[in-house]
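Spelled out from the first residue to the last, the chains are:
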Amino acid sequence: MNQPKKTALVTGAGRRLGREISLSLARTGYDIVVNYFQSEGAAQKTADEIKGLGRRALTYGADVSNSDQVHGMIKKALDTFGQIDLLVNNAAIYSPVPFEKLTEAIWEKTLDTNLKGTFLCSREIGGHMLHRRSGSIINIASLGGIHAWADEAPYCVSKAGVIMLTKCFAKSLAPYIRVNAIAPGYIDMPDSILEKVIPQPPLDRVPLKRFGRPEEITDMVVYLATKGDYITGQVFSIDGGKSL
């Protein structure tokens, strides 16, 4: 018996964790809307890999902090696939900056992408899901939304906001839509550029004495999407115990 077709929209899906999430969901049976902002080539590569897995893929360039672009992306996704069953809010920027160099522009850009973008996509797709009385939203938060990092105030504040937005929308959209968040610690990605952006923490501060692997995040995404029918409003820290 064929399983019903399902569609997931993953923001920031061209590279790194967004790419890994998209491929894992495709392996699970989802068609994927691959959102990107600047990484068009990487997004197309992700889409090609998804198609190689036998699933459909749509690439769409949109700034998630722009409501008109978000609306256009979701309209195209619905025109193409007919429905959106899962939203993964992954798009984010990370710009560490010491207090004395923190500017209003850095603050606004970080909050707009990480928090406002999550809000806009959730509001637009949440309305569609409410109409269907079915759906799931998974927000990618961060350990930085739980612990304060001295030189990363905009990022930490944005991710703390994502955590509270998750809880608020879980109540607002219940009982039909489940909303959860995943808060990764340091994830050792197969992309060398990440190490230049996010420095590795000392291993002696991680109780499990190793860094996370991408599949440890994607496995949780797949679980929440496919099996977590009685889970909503929760934040899952996947950080080797560093948040203890």
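All of these numbers come straight from a predicted model, not from anything done at the bench. (Residues numbered from 1 in each chain as written. Predicted model: local features only at pLDDT ≥ 70, side-chain atom pairs only at ≥ 80, totals over all residues. Heavy atoms only, no water.)

Examining unusual backbone geometry
For step 1, the next point in the chain: A cis geometry characterises the amide bond from Ala174 onward to Pro175, with omega recorded as 5°.
For step 2, the next point in the chain: If you trace the backbone, Pro175 turns up in the loop between helix 5 (153-173) and strand 6 (177-184).
For step 3, the next point in the chain: Even without being a glycine, Arg16 presents a positive backbone phi close to 50°.
For step 4, the next point in the chain: Tracing the backbone shows Arg16 in helix 1 (residues 16-28).
For step 5, the next point in the chain: With relative accessibility at 25%, the residue Arg16 sits in the partly exposed group. (Helix = DSSP H or I, 4+ residues; strand = E, 2+ residues; numbered from the N terminus. Buried < 20%, exposed > 50% of the residue type's maximum accessible area, 1.4 Å probe, protein only.)

Side note on the packing of aromatic side chains
For step 1, the next point in the chain: Evaluated as defined, the whole model comprises four aromatic pairs.
For step 2, the next point in the chain: Ring centres of Tyr94 and Tyr155 lie 4.8 Å apart, and the angle between their planes is 80°; this geometry places the pair in the edge-to-face category. Residue Tyr94 is found in the loop between strand 4 (86-89) and helix 4 (104-132), and its partner Tyr155 is found in helix 5; the two are separated by 61 residues along the sequence.
For step 3, the next point in the chain: Assessed through its relative accessible area of 15%, Tyr94 is described here as buried. (Phe/Tyr/Trp six-rings, centres within 6.5 Å; stacked < 30°, edge-to-face > 60°.)

Considering helix 7 (residues 214-226)
For step 1, the next point in the chain: Taking 1.5 Å per residue as the helical rise, helix 7 with its 13 residues ought to reach 18 Å, and the 18 Å between its terminal C-alpha atoms agrees with that figure.
For step 2, the next point in the chain: Along helix 7, the positions that sit buried rather than exposed are Pro214, Ile217, Thr218, Val221, Val222, Leu224 and Ala225. Viewed along the axis of helix 7, the buried residues span an arc of 165°, placing them on a single side of the element.
For step 3, the next point in the chain: Where helix 7 is buried, its residues meet helix 1, strand 2 (30-36), strand 4, strand 5 (135-140), strand 6 and strand 7 (235-238). (Expected span 1.5 Å × (residues − 1). Arc of directions from axis to C-beta. Contact = heavy atoms within 4.5 Å.)

Some words on the packing of helix 3 (residues 67-81) against helix 4
For step 1, the next point in the chain: As a packed pair, helix 3 and helix 4 sit with axes 10 Å apart at the nearest point and diverge in direction by 35°. Between helix 3 and helix 4 lies a crossing of right-handed hand. When helix 3 is examined against helix 4, the residues Ser67, Val70, His71, Met73, Ile74 and Leu78 are found in contact with a partner set consisting of Leu120, Cys121, Arg123, Glu124, Ile125 and His128.
For step 2, the next point in the chain: Residue composition of the contact of helix 3 with helix 4, grouped by class: seven nonpolar, three polar and two charged. (Axes fitted to C-alpha atoms, helices over the stretch in contact; angles between N-to-C directions. Left-handed = near helix turned anticlockwise from the far one by under 90°. Nonpolar A, V, L, I, M, F, W, Y, C, P; charged D, E, K, R; others polar.)

A word on the nonpolar core
For step 1, the next point in the chain: Within the largest apolar cluster, 30 residues are counted, with the highest numbers of intra-cluster contacts made by Ile21, Leu25, Ile32, Leu86, Val88, Ile182 and Val221.
For step 2, the next point in the chain: Sequence-distant contacts of Leu25, defined by excluding residues within four places in its chain, comprise Ala8, Val10, Tyr30, Ile32, Leu86, Val88, Val221, Val222 and Ala225.
For step 3, the next point in the chain: One finds Ala77, Met129, Leu165 and Val179 within the second-largest nonpolar core, a separate group that totals 24 residues. (Core = buried A, V, L, I, M, F, W, Y, C linked by side-chain atoms within 4.5 Å.)

Description of helix 4
For step 1, the next point in the chain: Its 29 residues place the ends of helix 4 40 Å apart at the C-alpha level, agreeing with the 42 Å of an ideal helix rising 1.5 Å per residue.
For step 2, the next point in the chain: Taking the largest bend as the criterion, helix 4 deviates by roughly 40°, centred on Asp112.
For step 3, the next point in the chain: Positioned one or two residues after helix 4, Arg133 has a phi angle of 60°, which is positive. (Bend = angle between axes of the 7 residues up to and from the residue.)

Such coordinate-based values are descriptive only and should not be taken to indicate function.
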